[in-house]
Structures are given as structure tokens and as C-alpha cells.
Amino acid sequence: MTHAPATQTRAKDAEPRHGPDTPPRPSDPKTRGRRENLAGYLFLSPWIAGFLLLTAGPMAASLYFALTDYNLFDAPRWIGLDNFSEMFGDPRWRHSVRVTLWYVVVGTPVKLLVALGVALLLAQKRRGQAFYRAAFYAPSLIGASVSVAIVWKAIFSDDAIVDRTQKAFGVDAGGWTGDPDLVIYSLVALTVWQFGAPMVIFLAGLKQVPRELYEAADVDGAGRFRQFWNITLPMISPVLFFNVLLETIHSFQIFSSAYIVGGGAGGNACGPADGSMVYTCYLYVQGFENSRMGLASAMAWMLLVAVALVTAVLFRSQKRWVHYEEGGR
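Structure report, in brief. (Residues numbered from 1 in each chain as written. Predicted model: local features only at pLDDT ≥ 70, side-chain atom pairs only at ≥ 80, totals over all residues. Heavy atoms only, no water.)

### A short note on helix α3 (residues 82-89)
(1) Moving on: Those residues of α3 not exposed but buried are N83, F84 and M87. Within α3, the buried residues cover an arc of 95° as seen down the axis, which keeps them to one side.
(2) Moving on: Of the surrounding elements, those touching the buried residues of α3 are α2 (29-66), β1 (68-69), α4 (91-122), α14 (279-289) and α15 (293-321). (Buried < 20%, exposed > 50% of the residue type's maximum accessible area, 1.4 Å probe, protein only. Helix = DSSP H or I, 4+ residues; strand = E, 2+ residues; numbered from the N terminus. Arc of directions from axis to C-beta. Contact = heavy atoms within 4.5 Å.)

### Description of a nonpolar patch on the surface
(1) Moving on: A surface patch of nonpolar side chains, amounting to about 620 Å² of accessible area, comprises W47, F51, L52, L53 and L54.
(2) Moving on: Mapped onto the fold, L53 is located in helix α2. (Patch = residues over 30% accessible without salt bridge, like charges linked within 9 Å, V, L, I, M, F, W, Y side chains within 5 Å. Areas by Shrake-Rupley, 256 points an atom, 1.4 Å probe, with all protein chains shown as cover. Salt bridge = Lys/Arg side-chain N within 4 Å of Asp/Glu carboxyl O.)

### Focus: the packing of aromatic side chains
(1) Moving on: Under the counting rule described, the total for this entry stands at 19 aromatic pairs.
(2) Moving on: Summarising the aromatic geometry, the rings of F131 and Y132 are spaced 5.7 Å apart at their centres and angled 65° between planes, so their arrangement reads as edge-to-face.
(3) Moving on: On the basis of relative accessible area, F131 is assigned to the exposed category, the value being 59%.
(4) Moving on: Take Y132: its relative accessible area is 37%, and that puts it in the partly exposed class.
(5) Moving on: One aromatic cluster is present, formed by Y64, F65, Y70 and W78 through successive ring pairs. (Phe/Tyr/Trp six-rings, centres within 6.5 Å; stacked < 30°, edge-to-face > 60°.)

### With respect to unusual backbone geometry
Note on backbone geometry: most residues besides glycine have negative phi, and most peptide bonds are trans.
(1) Moving on: Positive phi outside glycine occurs at D159, with the angle close to 60°.
(2) Moving on: Inspection of the secondary structure puts D159 in the loop between α6 (146-155) and α7 (161-168).
(3) Moving on: What makes D159 partly exposed here is its relative accessible area of 45%.
(4) Moving on: Backbone geometry at D274 places phi at a positive 60°, although glycine is not the residue there.
(5) Moving on: By the element assignment, D274 lies in the loop between α13 (256-262) and α14.

### Observations concerning the nonpolar core
(1) Moving on: Counting residues in hydrophobic clusters, the biggest one holds 41 residues, and the most contacted among them are M87, Y279 and M299.
(2) Moving on: The set of elements that each furnish at least two residues to this core consists of α3, α4, α6, α8 (183-193), α13, α14 and α15.
(3) Moving on: Per element, the largest residue contribution to this core is 7 residues, and it comes from α15.
(4) Moving on: Not counting residues up to four positions away in its chain, the partners in contact with M87 are W93, Y279, L295, A298, M299 and M302.
(5) Moving on: Counting residues in each nonpolar core, the second largest holds 24 residues, with L116, M199, F202 and A217 among its members. (Core = buried A, V, L, I, M, F, W, Y, C linked by side-chain atoms within 4.5 Å.)

### A word on the state of the cysteines
(1) Moving on: Across all of its chains, the model carries 0 disulfides by this definition.
(2) Moving on: Of all cysteine sulfurs, the one in C281 lies closest to C270, which takes part in no disulfide; the gap is 3.2 Å.
(3) Moving on: A residue is classified by how much of its surface remains accessible, and C270, at 0% relative accessible area, is buried.
(4) Moving on: For C281, a relative accessible area of 0% puts it in the buried group. (Disulfide = S-S within 2.5 Å.)

### Structural notes on the environment of Q124
(1) Moving on: In this structure, Q124 sits in the loop between α4 and α5 (129-142).
(2) Moving on: Taking relative accessible area as the criterion, Q124 reaches 39% and is therefore assigned partly exposed.
(3) Moving on: For the pair Q124 and K207, spaced 83 residues apart in the sequence, the C-alpha separation amounts to 9.9 Å.

### Notes on the pattern of salt bridges
(1) Moving on: Scanning all chains against the criterion turns up 6 salt bridges.
(2) Moving on: The salt bridge partner of E86 is R292, with a shortest N-O separation of 2.6 Å. Residue E86 is found in helix α3, and its partner R292 is found in the loop between α14 and α15; the two are separated by 206 residues along the sequence.
(3) Moving on: Judged by its relative accessible area of 36%, E86 is partly exposed.
(4) Moving on: For R292, a relative accessible area of 28% translates into the label partly exposed.

The following block contains the structure:
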């Protein structure tokens, strides 16, 4: 009588009841890709919803209102391009464009020059360097607030600090905020006072300039100005371009300081004799004081187009004066 080997019996009993184990089949690449895309869109859904509801939707609505006669109380009435025709023929609109361009052309370069000059001073090693950096940066954090604009208006008003200082030097010009010719200078002074943000960016760019370049220039006998012109400026030109672009866009969008310093609630919103009537201030007057939201929407879209054109020109010009580390422009 013969018996099967014990090893064969144990092996047979060890097999699973439902058959031998099989390796899992790899998932379909298309299915896996769809799942990954779905997960990505799920994580992006808050941003997408915010963009559609808070940015794209209002922009589309304002474009429609720009082509209508809309006063916030009655239903919009389609008028086509009449708002744009009226806007171009309005002398106050043209005046607001001139004031804004003057503010951008004067205020932005002065602010950047002050920021670069202070950054050059702070780039040198000195005692209390961290304190000075924080102190110079602080105005950028609070400068855009309404409270600072109110204080600024008080400083430049009649018989205030600036007026008394002028009289001490024999200049009887009065307060700047009440003079149509001087109120815009108070706005420029306010924006220059907020030079902290571009200063920090300039300081970061200066830290990236190799010290070997200055040492080689010293050996060649180059002075400080020549080193600044031939080494510092070319090396920080990308940072300079970034600051010019950012500050130019911000200058076109000035509103709160012009509204508070120049006029504000209870008075002329655009300053004495429209002296501080920047573009956004006149847009506010048409939209909320005159209840002409259709015309205000057309003005907003014209501002968007103007900023886009200026940005395109700046990007186009960078090929001539912006130098990158790879040697290209």
C-alpha cells in the first residue's frame, strides 16, 4: 500500500481555495490621467470659483455696462460706443489724463531714485543696519492707509508744519493742499515717502552683485561713479526693470491718497480747482457722485488698455537696457 508524499499533500492544501494568486493588473493610463486631472481641478476649484465670481464676472459685467447708459437705479440701456465718444470729448477727462501722466512721469522716477540711493547706503556694513532697514521700510506698510493720508493733509494744510517752515525761509506759498498748483506736489511727496518696498528689492539686487567685479575695478583705477555706472546698474537692471514696471502700474492706480489729501467727503473730491484730479478720482466722481456707472465703466476699461500698452512698451524696451547673468537681454 502506497501513500503520497507528505510534502505534496501540504503543498496541495496550501493552495488558496479560489485559485492561485495573480499579480494586480496595472490601471489604464487614461483612467489614471483623468483621476489626476480631477484631483488637480478639485484643489484649484476655490481659486477658479474666486476668479470667475470676483474677477472675470465683474470684468464682463463692466464691459457690458461700458456700452450702456446705466445709473445704478434703472435698467441698463444699450447705447454702443457713446460713452467712449463722450469721454474723449470731455475736457475734465482730458485734464485728469494730464494730471495722472504728470504724476506718473514725475513721482515714479523720484521715488525709485530715492529708493536706490537709500539702498546703496544700507548695502554697506554699518552698526544698526537692521534697525535702519526696518525704519525705512515702515512707511511702505502704513503709507497707503487712510489715516496716514489724513495726517498728510494736515501737515500740508494752511498754517501747518510745511507752511510754517516755508515762512521761516521767507516763502509765503500757503498750504499745499489748498493750492491747485501745489496739491499735486503733496501727492508726489507722499508717494516718495513710501519708498521702502522698492528699496528692499533694490537691496536684494545689490547683494547679488559679485564683489570680485568691484575689486577688479579698484585695481583698474575706476572711481565710485564709474563703478556704479558700469557695474552696479547693469547688474541690477533686472531688479530696476521690475521696480519700474511695478511702480508705474501703481502710480496709474492712485486713488485713496488723492481723494483724501486733495478733497474727500464733504468737499471737491478732485482737489481745489481739480488740481489733484487723477484719473481714478474722476472715475469715482462719474460713477458714484454723478451715478453714471456706464461712463465710469468705459473709463475703467480705457485705464486698463492704457496700463496694458505702457506695460507692453516697458517689456519691449527692456531688450535694450536690461542685462541678465547669461549675457542676454
